[in-house]
Amino acid sequence: MNTKQVCKDIVWVGADDRRLALFENVYPLPNGVSYNSYLILDTKTVLMDAADASVADVFFENIEGALNGRKLDYVVVQHMEPDHSATLAMLLKKHSETVVVCNAKTETMIHQFFGSDVTISPQIVKEGDVLQTGNHALQFMMAPMVHWPEVMMTYDQTSKILFSADAFGSFGTLDGAIFADEVNFEEQYLDEARRYYANIVGKYGMPVQTVLKKAAGLDIQMICPLHGLVWRKDLGFLLDKYQHWSTYQPEEKAVVVAYASMYGNTGHVAEKIAEKLDAKGWPVRVYDLSKTGRDFVLGEVFRASHVVLAAATHDGGLFEPMEYLLREMIAHGVQGRKVALVENGSWAPMAAKQMQTLLESMKDMQVVQPVISVKSALAPAQEAEVDSLVENLIAE
Ligand code: FEO
């Protein structure tokens, strides 16, 4: 058993997965991921969400250990994505006494996912309903499209904990600590929290804003998400990040330089621009899109105010690593960034035109001039153009 005490009568019974390579079979997990599940040991016992099938053994060992022979009265299903619900059918087989608490959309999904594998008579809840479990009073708050339609959150009026479903979560395992204030969050987790937000929730800024407004009316002392660390201090820090991310505002005045280069010449121009920006005191991070996944760079674009995109032309079009990044930016609602463009092409450069077309489908993207068009390698006569591009990019 590997449980963690969240407060007097609430226990984390989740599990870490350090073996999974790709979250949702697409996002790399260099630091793993945790599937958080919480057990409330009140007069009634309540499990807040199940877990992924990959951690079923540890998850059930934790539940049974924490229950210590008690029956499980309720399981609250806040979210039906299988990383939290795949073990639900197994749970209900082990605990036939357990009542499922969920909303009507969730009930439909339970039947969609499990068919005849589960027979349930759920207690259907809606916005504002309260489940009394003894000392605790669980108030349900719908959070549609953060990031699935059935998602709901649960506010415990007694402990003032917000069980926030996927919101406020992060990639990365819980390495002993469970609370964000026990680690150097900014150093160890912030980039992964942002990458998680950008890729999983990024598209749904408006629904996140709706939830933030609802949450502002609650006295929240602790946030318990379905992935990553629990927050009991500095909630303002996390809420401020969510405010920025969900309104697509950059967190920092900084530049992300991303390039898609076949033989290094396009990358060389990108590096030169980075050096010039650094010399002017700007914080810069440079990414080779053939090496660094577009999901990582997308997180960086959520962080930074300015973006430099440099791409080769390939088969008469945009070199694919850059096209993939731009399509991710479109899909996840990126907007309001200042952008500098560099293209390369040995006989018919086309990359800039295609980057511009893709940028036009985003909101408020300001492309600065000049767009630098390189033929094979940056010509000495183009140095002045690079200087001019840098000046215009950072001009207020
Ligand atoms: Fe962590 Fe949307 O599931």
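Digging into the packing of aromatic side chains
Line of reasoning, step 1. Applying the stated rule across the entire model yields 15 aromatic pairs.
Line of reasoning, step 2. Taking 5.3 Å as the distance between ring centres and 70° as the angle between the ring planes, the aromatic pair formed by Phe 23 and Phe 171 counts as edge-to-face. A residue pair is termed long-range when its members are at least 10 positions apart, and Phe 23 in strand E4 (residues 22-23) and Phe 171 in the loop between strand E15 (161-163) and helix H5 (185-188) qualify at 148 residues.
Line of reasoning, step 3. Classification of Phe 171 as buried rests on a relative accessible area of 0%.
Line of reasoning, step 4. One aromatic cluster is present, formed by Phe 168, Tyr 197, Tyr 242, Trp 245, Tyr 248 and Phe 302 through successive ring pairs.
Line of reasoning, step 5. Over the aromatic face of Phe 60 sits the side chain of Lys 94, whose NZ or CZ is 4.8 Å from the ring centroid.

Re the environment of Leu 358
Line of reasoning, step 1. For Leu 358, the location among the structural elements is in helix H12 (residues 351-360).
Line of reasoning, step 2. Considered as a pair, Leu 358 and Met 329 are 29 residues apart in the sequence and their alpha carbons are 9.3 Å apart.
Line of reasoning, step 3. Residues within four places of Leu 358 in sequence aside, it is in contact with Leu 318, Glu 323, Leu 326, Arg 327 and Ile 330.

Re the side chain of Thr 173
Line of reasoning, step 1. Within the fold, Thr 173 resides in the loop between E15 and H5.
Line of reasoning, step 2. On the accessibility criterion, Thr 173 (3% relative accessible area) is buried.
Line of reasoning, step 3. Only 3.0 Å separates the side chain of Thr 173 from the side chain of Arg 18, close enough to count as a polar contact.
Line of reasoning, step 4. At 2.6 Å, the side chain of Thr 173 and the side chain of Asp 175 are in polar contact.
Line of reasoning, step 5. If we ignore the near neighbours within four places in the chain, the residues touching Thr 173 are Asp 16, Asp 17, Arg 18, Asn 31, Gly 32, Val 33, Ser 34 and Tyr 189.

Concerning the nonpolar core
Line of reasoning, step 1. Formed by 125 residues in total, the largest nonpolar core has its most connected members in Leu 309, Met 322 and Leu 326.
Line of reasoning, step 2. Per element, the largest residue contribution to this core is seven residues, and it comes from helix H6 (residues 190-201).
Line of reasoning, step 3. Sequence-distant contacts of Met 322, that is, excluding residues within four places in its chain, are made with Ala 258, Tyr 259, Ala 260, Leu 289, Leu 309, Ala 310, Ala 311 and Met 355.
Line of reasoning, step 4. Counting residues in hydrophobic clusters, the runner-up holds 22 residues, among them Val 255, Ala 340, Val 374 and Val 386.

Some words on H12
Line of reasoning, step 1. By the burial criterion, the buried members of H12 are Ala 351, Ala 352, Met 355, Leu 358 and Leu 359. Buried residues in H12, looked at end-on, bunch into an arc of 125°, giving them a common side. In this structure, H12 carries Lys 353 and Glu 360 as exposed residues pointing more than 90 degrees from its buried face.
Line of reasoning, step 2. The inward-facing, buried residues of H12 abut strand E19 (304-314), strand E20 (317-318), helix H11 (320-331), strand E21 (338-344) and strand E22 (366-367).

Some words on the domain arrangement of the chain
Line of reasoning, step 1. What the domain assignment lists for the chain is domain 1 (4-246) and domain 2 (254-394).
Line of reasoning, step 2. Distance between the C-alpha centres of domain 1 and domain 2: 38 Å.
Line of reasoning, step 3. Taken together, the 13 residues of domain 1 in the interface contact 11 residues of domain 2.
Line of reasoning, step 4. Between domain 1 and domain 2 the total buried area reaches about 990 Å² when both faces are included, carbon and sulfur atoms providing 61% of it.

Description of helix H9 (residues 265-279)
Line of reasoning, step 1. Helix length check: H9, at 15 residues, gives a terminal C-alpha distance of 21 Å against a target of 21 Å (1.5 Å per residue), a fit within 8%.
Line of reasoning, step 2. In this fold, the buried residues of H9 make contact with strand E17 (252-260), strand E18 (284-288), E19, E21, strand E23 (372-374) and helix H13 (383-394).
Line of reasoning, step 3. Looking at the residues trailing H9, positive phi occurs at Gly 281, about 90°.

Regarding unusual backbone geometry
Line of reasoning, step 1. Residue Val 146 is joined to His 147 through a cis peptide bond whose omega torsion reads 5°.
Line of reasoning, step 2. By the element assignment, His 147 lies in the loop between strand E13 (137-142) and strand E14 (152-156).
Line of reasoning, step 3. The phi dihedral of Asp 49 is positive, around 75°, even though this residue is not glycine.
Line of reasoning, step 4. Mapped onto the elements of the fold, Asp 49 is located in the loop between strand E8 (45-48) and helix H1 (56-67).
Line of reasoning, step 5. At Asn 68, a position not held by glycine, the phi torsion is positive, near 50°.
Line of reasoning, step 6. Along the chain, Asn 68 falls in the loop between H1 and strand E9 (74-76).
Line of reasoning, step 7. Overall, the relative accessible area of 67% leaves Asn 68 in the exposed class.

Cut-offs applied
Residues numbered from 1 in each chain as written. Predicted model: local features only at pLDDT ≥ 70, side-chain atom pairs only at ≥ 80, totals over all residues. Heavy atoms only, no water. Phe/Tyr/Trp six-rings, centres within 6.5 Å; stacked < 30°, edge-to-face > 60°. Helix = DSSP H or I, 4+ residues; strand = E, 2+ residues; numbered from the N terminus. Buried < 20%, exposed > 50% of the residue type's maximum accessible area, 1.4 Å probe, protein only. Lys NZ or Arg CZ within 6 Å of the ring centre and 35° of its normal. Contact = heavy atoms within 4.5 Å. Polar contact = N/O pair within 3.5 Å; in protein donor to acceptor, adjacent residues only side chain to side chain. Core = buried A, V, L, I, M, F, W, Y, C linked by side-chain atoms within 4.5 Å. Arc of directions from axis to C-beta. Domains from an automatic or database assignment. Buried area = accessible area lost by both parts, 1.4 Å probe. Expected span 1.5 Å × (residues − 1).

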